[in-house]
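# Analysis of the macromolecular model
So the chains spell out like this:
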Amino acid sequence: MIEGHGDDLYRYNADMVRMNFSSNVYANADHTALKEYLTAHMDLMNNYPEPRPRSLEKLIALKLGISPEAVMVTNGATEAIYLIAQMLHDSASVIPQPTFSEYADACRLNNHIISYENTDNLSTLPNDRVYWICNPNNPTGNVMTKGIIEYIVRHSPRYTFVVDQSYEDYTREKLIVPKEMQDCRNLLVLHSLSKTYAIPGLRLGYVTSHPDTIQLLRSFHQPWSVNAFSIEAGKFLIKQDKPAIPDLDALLEETERLRTNLRKIEGIRAFETKTNYMLCEIENHTSTDLKFYLVHEHGILIRDCHNFTGLSNHFFRVATQRPDENDALVKAIRQFILNNSKD
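Here's a quick rundown of the structure. (Residues numbered from 1 in each chain as written. Predicted model: local features only at pLDDT ≥ 70, side-chain atom pairs only at ≥ 80, totals over all residues. Heavy atoms only, no water.)

Let us look at the nonpolar core. Counting residues in hydrophobic clusters, the biggest one holds 24 residues, and the most contacted among them are I84, W132 and L217. Looking at this core, the elements with two or more residues in it are α3 (76-87), α4 (102-109), β5 (129-134), β7 (187-192) and α7 (211-218). Counting residues per element, this core draws most heavily on α3, at six residues. Apart from residues no more than four positions distant in its own chain, L217 is found in contact with M72, L83, I84, M87, L188 and V207. Residues I282, I300, V318 and F336 belong to the second largest nonpolar core, which totals 23 residues. (Core = buried A, V, L, I, M, F, W, Y, C linked by side-chain atoms within 4.5 Å. Buried < 20%, exposed > 50% of the residue type's maximum accessible area, 1.4 Å probe, protein only. Helix = DSSP H or I, 4+ residues; strand = E, 2+ residues; numbered from the N terminus. Contact = heavy atoms within 4.5 Å.)

Spatially, seven strands are ordered β2-β8-β7-β6-β5-β3-β4 in an open sheet, and the strand pairing comes out mixed. Lying at the two open borders of the sheet, with one neighbouring strand each, are β2 (71-74) and β4 (113-115). For this sheet the average axis-to-axis angle between neighbouring strands, irrespective of direction, equals 20°. With respect to the sheet, helix α2 (residues 54-64) is in contact with β2 and β8 (205-209), its orientation differing from that of β2 by roughly 130°. (Pairing = 2+ DSSP bridges. Axes fitted to C-alpha atoms, helices over the stretch in contact; angles between N-to-C directions.)

Residues Q97 and P98 are joined by a peptide bond in cis, for which omega reads -5°. Considering the arrangement of structural elements, one finds P98 in the loop between β3 (92-94) and α4. Omega for the peptide link from N135 to P136 comes to 0°, which places this bond in the cis form. Within the fold, P136 resides in the loop between β5 and α5 (146-154). The phi torsion at N111 lies on the positive side, around 60°, for a residue other than glycine.

If you walk across this open sheet you meet the four strands as β9-β10-β13-β12, and the pairing is antiparallel. A strand with exactly one partner marks an edge of an open sheet, and here the two such strands are β9 (268-270) and β12 (303-304).

All right, on to the side chain of T213 then. In this fold, T213 is placed in helix α7. Once you skip the residues sitting within four places of it in the chain, T213 turns out to touch M87, R185 and L188.

Mapped onto the fold, I133 is located in strand β5. Considering only alpha carbons, one finds I133 and V94, 39 residues apart in sequence, at a separation of 8.9 Å. Sequence-distant contacts of I133, defined by excluding residues within four places in its chain, comprise M144, I152, F161, V162, V163 and D164.

So, on to empty space enclosed by the protein. All told, the structure shown has one cavity of 30 Å³ or more when counted by the stated rule. Of the volumes computed, that of the largest cavity is approximately 50 Å³. Together, I176, P178, M181, Q182, L187, V189, T208 and S209 line the largest cavity. Residues belonging to the lining of the largest cavity are distributed by class as follows: five nonpolar, three polar and no charged. (1 Å grid on protein atoms, 1.4 Å probe; cavity = no way out; pocket = protein on both sides within 12 Å on 5 of 7 lines; lining within 4 Å. Points joined across faces, edges and corners; volume = space filled by probe spheres on them. Nonpolar A, V, L, I, M, F, W, Y, C, P; charged D, E, K, R; others polar.)

To continue, consider the packing of aromatic side chains. Summed over all chains, the structure comprises 11 aromatic pairs. Relative to Y103, the ring of F100 lies with its centre 5.7 Å away and its plane at 85°, an arrangement referred to as edge-to-face. As far as the burial class goes, F100 and Y103 line up, both buried. Counting every residue linked through ring pairs, the aromatic cluster contains F100, Y103 and W132. Lying across the ring of Y167, K195 places its NZ or CZ 5.3 Å from the centre. (Phe/Tyr/Trp six-rings, centres within 6.5 Å; stacked < 30°, edge-to-face > 60°. Lys NZ or Arg CZ within 6 Å of the ring centre and 35° of its normal.)

A word on the environment of A332. Mapped onto the elements of the fold, A332 is located in helix α11 (residues 323-339). Counting along the chain gives 34 residues from A332 to H298, while the straight-line C-alpha distance between them is 7.1 Å. Setting aside its immediate chain neighbours within four residues, A332 contacts Y293, L294, H298 and I300.

The set of residues buried in α2 consists of L56, E57, L59, I60 and A61. Positive backbone phi, at 75°, marks G65, one or two positions downstream of α2.

This next bit is on the pairing of strand β6 (residues 160-164). With five of five residues buried, β6 lies mostly within the body of the structure. Neither face of β6 is open: one carries T160, V162 and D164, the other F161 and V163, and all of them are buried. Two strands pair when backbone bridges link them, and β5 and β6 are joined in this way by five bridges, in the parallel orientation. Along β6, the bridge assignment pairs Y131 with F161. As for the winding sense of the linkage, the β-α-β connection from β5 through α5 to β6 is right-handed. Across four bridges, β6 lies against β7 in parallel orientation. Opposite D164, over in β7, you have L190 as the bridge partner. (Right-handed = clockwise from strand over helix to strand, strands pointing away.)

Geometric values such as these leave the question of function open.
Take a look at the structure:
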């Protein structure tokens, strides 16, 4: 695990950060009903949870229209990443950059040969490979079309494809539908209830794949990795079936407004995105200095992206917040550049 993931709010005093742009997870979800429900079920702490969250897996499978044996619930999507890397130990893994760092970390831990694709010669890799695809991608917000992924998966049966759709509910682009790909043993799709329902603190994810692939993956899964409150929260939220983001179209429109305003600042590039978050680049200054200034002078936290493979210390990421907060971010970045401009 690298130092410096997004949402490093824990590094700061409780009253220091007023606006958090560093986490991609939707920040304004209404969790009132969930909190009331969990409060009424505090006795769950008195007993062990299910060793394997079968009850939650059945609900997810029912919602997706697939077999419960094609679903495995995990302690966040990150646990699934490490389990898959363990299952495929000593493989050759292709991880296009920049992307979520845990793929490479999990692969290194399990003795994978790693290619970052942008610099390595793929012809030197073994023919049996694992492709890790973050879709929508973090930190760029790019999305690979559903048709392309389906084509390469079906026409490359010798390769294994891990498609991380953790932010699938943060885009309008069409993505892989598990029910349509259940016959593909070489495809594993990662999902994140933590992000779908904006509950990252509860660490709740799941994998969908062919039942034979899931059966093999289960053999690496430790019992009781998902706690009782997370399981109960997942069941409650799926039964309620209310999205955390009440109006995705409005959020994406606001994202484009924020991107447009950031691009108006001299020395700032804000790249196109299909999600609620975007990658940005600052000229003549470092992202580390910008982050330090924003949090200490304005109480604004951003994601410094210098530790993403393939990115320099000029890149940062922001996720759209409320319009007034977005305007405050733009104003603060403009002030930083003005304060540090050379005569």
